[in-house]
Structure formats: structure tokens, C-alpha cells
Amino acid sequence: EAALELAMRGLAANSKPFRVWTSGLGIFTEPVPVLYVAVVRSLELSRYQRWTWWEVHPTASAPLDHYLPERWVPHITLAQQGLTAEKLAAAVQVLAGRDFHWPIAVDNVVYVDGSQPEHKLRLRLTLGENARD
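Just so you know, these numbers come straight off a predicted model, no measurement behind them.

Draft legend 1. Summary view of helix H1 (residues 2–13). Relative to the 16 Å expected for twelve residues at 1.5 Å per residue, H1 spans 16 Å between its end C-alpha atoms, a close match to the ideal helical length. For H1, every residue scored as buried is listed here: Leu4, Ala7, Met8, Leu11, Ala12 and Ala13. Summarising the contacts, the buried residues of H1 are in contact with helix H2 (43–56), strand S5 (108–113) and strand S6 (120–126).

Draft legend 2. Representation of the layout of surface pockets in the model. A volume near 2,200 Å³ is recorded for the largest pocket. Taken together, 47 residues make up the lining of the largest pocket; nearest its centre are Thr52, Tyr67, Trp72, Val110 and Val112. Looking at which element gives the most residues to the lining of the largest pocket, the answer is H2, with six residues. Of the residues contributing to the lining of the largest pocket, the split by class is 30 nonpolar, 13 polar and four charged.

Draft legend 3. Inspection of the pattern of salt bridges at higher detail. Throughout the structure, instances matching the rule amount to three salt bridges. Across the pair arginine 9 and glutamate 5 runs a salt bridge whose closest N-O atoms are separated by 2.9 Å. One end of the pair, arginine 9, and the other, glutamate 5, are both in helix H1, four residues apart, so they sit about a helical turn from each other. Residue arginine 9 is classed as partly exposed on the basis of its relative accessible area, which comes to 41%. What makes glutamate 5 partly exposed here is its relative accessible area of 34%. Across the salt bridge formed by arginine 71 and aspartate 65, the nearest N and O atoms sit 3.8 Å from each other. The exposure class of aspartate 65 is partly exposed, given its relative accessible area of 46%.

Thresholds, definitions, all that
- Residues numbered from 1 in each chain as written.
- Predicted model: local features only at pLDDT ≥ 70, side-chain atom pairs only at ≥ 80, totals over all residues.
- Heavy atoms only, no water.
- Helix = DSSP H or I, 4+ residues; strand = E, 2+ residues; numbered from the N terminus.
- Expected span 1.5 Å × (residues − 1).
- Buried < 20%, exposed > 50% of the residue type's maximum accessible area, 1.4 Å probe, protein only.
- Contact = heavy atoms within 4.5 Å.
- 1 Å grid on protein atoms, 1.4 Å probe; cavity = no way out; pocket = protein on both sides within 12 Å on 5 of 7 lines; lining within 4 Å.
- Points joined across faces, edges and corners; volume = space filled by probe spheres on them.
- Nonpolar A, V, L, I, M, F, W, Y, C, P; charged D, E, K, R; others polar.
- Salt bridge = Lys/Arg side-chain N within 4 Å of Asp/Glu carboxyl O.

Structure below.
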């Protein structure tokens, strides 16, 4: 965790806040269904994710391939655990027709420990402190 925190502090200190946009609903189908709000993959977001991957992945004990820069799909998870096909269909029916085109400010980075069911927040850092021009 010390190496991860150091890498994250460097990323946050040398990054400027930026904006992204969402674009609608999406579904990951395997290994279990996931309903999400899709985030438009801009050049700025892709660069930030690639930089984050190369700075942070060496600190991971078992990095997941779906976070590789060329495989990563930016999204906001809405439902995942216990999401059956029936619940997924019902959720899509409820959400269909809603506006999912939102601007979102990316102005912080967080470390959430997902090893426990409660997903404990371990670190939150604001982007832009000592940012490069």
C-alpha cells in the first residue's frame, strides 16, 4: 500500500482536473452482468488512464487485464452484484428514455480497497496540486 500511495500522490500532484461526458447505458455480459453508464473515451481520459496504469500497476499483486489501456472501458457501474437477467431487464426498462448525457469533472483520484464486501475508501487525493502546465 505504501508504493501505491506514493504512485497515486505523484499522479494527483502532476495532473490537472478535466471534464468527461457520459453517453448512455451499457451492459457488460460476462462473467456476470453489469449495468453501467457509459463514459465517452476522450483523448485526455485515455491518456490519463494509460499514465495511471503504468504508474500504479507495478504496485498491484494481481492486476486485471480488463484495466489494460487498450482494453479498458470507462464507465460508472450502476448494478452488478446479484444482477440476474430478469433484474437487468427490469432496470433497463425503468431507465430507458432517461437523459444520460452528463458532464463530469474529474478532479480527484481515490483508492478503494475492494478486497472486502464493504469496499473501504483508503485514500482520496485532489488533482492539480503542483500540476504541470
